[in-house]
Amino acid sequence: MSTAVSAIERFGQYQSDNAQSVEPVYCPVRDVLDRIGDKWSILMIMTLATRAQRFSELHRAIRDISKRMLTQTLRDLERDGLITRHVFPTKPPSVEYRLAPLGQSLLEPMANLIDWAGRRYSDIHAARASFDGAPGNVPSTAQRYDEKTAVR
């Protein structure tokens, strides 16, 4: 059985709890996706993939995140065990964030998603344009990705 089919079956088991119940469905997939599926978490994890960074470095790397949202996302990722926070006894104290082993284990699945998104971006963009009734001009970044990764 393929990995995808097996995963789909496991996911279906989580969803098939008593349909009459008003209690929320326990689903580890939903729980994890609530964290990593938000706007900032994956950007932060991928930014920390290459090296540990200080708060200000993360803020510069993810330019459109507010300091408040950066702080909250870092706390949430630390709470979930995906990153670690290291305080150095300097004056003033220096703080650095690193991927925890659990966060590092997320890099491979994310690499697959990044590759898939790069390969399929033009298809998704064309589908959106078709749905919206707009012309489907695909941004050049997707075209550059296809040219760089094309097998020759």
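Residues numbered from 1 in each chain as written. Predicted model: local features only at pLDDT ≥ 70, side-chain atom pairs only at ≥ 80, totals over all residues. Heavy atoms only, no water.

1. A look at the packing of helix 3 (residues 41-48) against helix 7 (residues 107-132)
Where helix 3 contacts helix 7, the two axes come as close as 11 Å, and the packing angle between them is 110°. Classified by the interaxial angle, the pair formed by helix 3 and helix 7 is roughly perpendicular. Judged by the sense of rotation from one axis to the other, the crossing of helix 3 with helix 7 is left-handed. From helix 3, I42, I45 and M46 reach across to helix 7, where they touch L107, M110 and I114. Across the contact of helix 3 with helix 7, the residue classes tally to six nonpolar, no polar and no charged. (Axes fitted to C-alpha atoms, helices over the stretch in contact; angles between N-to-C directions. Helix = DSSP H or I, 4+ residues; strand = E, 2+ residues; numbered from the N terminus. Parallel < 35°, antiparallel > 145°, perpendicular 65-115°, else oblique. Left-handed = near helix turned anticlockwise from the far one by under 90°. Contact = heavy atoms within 4.5 Å. Nonpolar A, V, L, I, M, F, W, Y, C, P; charged D, E, K, R; others polar.)

2. Looking at the nonpolar core
Residues M44, I45, L58, L74, I83 and Y97 are the most contacted members of the largest nonpolar core, which totals 19 residues. For this core, the secondary-structure elements that each account for two or more residues are helix 3, helix 5 (67-79) and strand 3 (94-99). Top contributing element to this core by residue count: helix 3, with four residues. When near neighbours in sequence (up to four residues on either side) are disregarded, I45 contacts I36, L77, L82, L99, G103, L106 and L107. (Core = buried A, V, L, I, M, F, W, Y, C linked by side-chain atoms within 4.5 Å. Buried < 20%, exposed > 50% of the residue type's maximum accessible area, 1.4 Å probe, protein only.)

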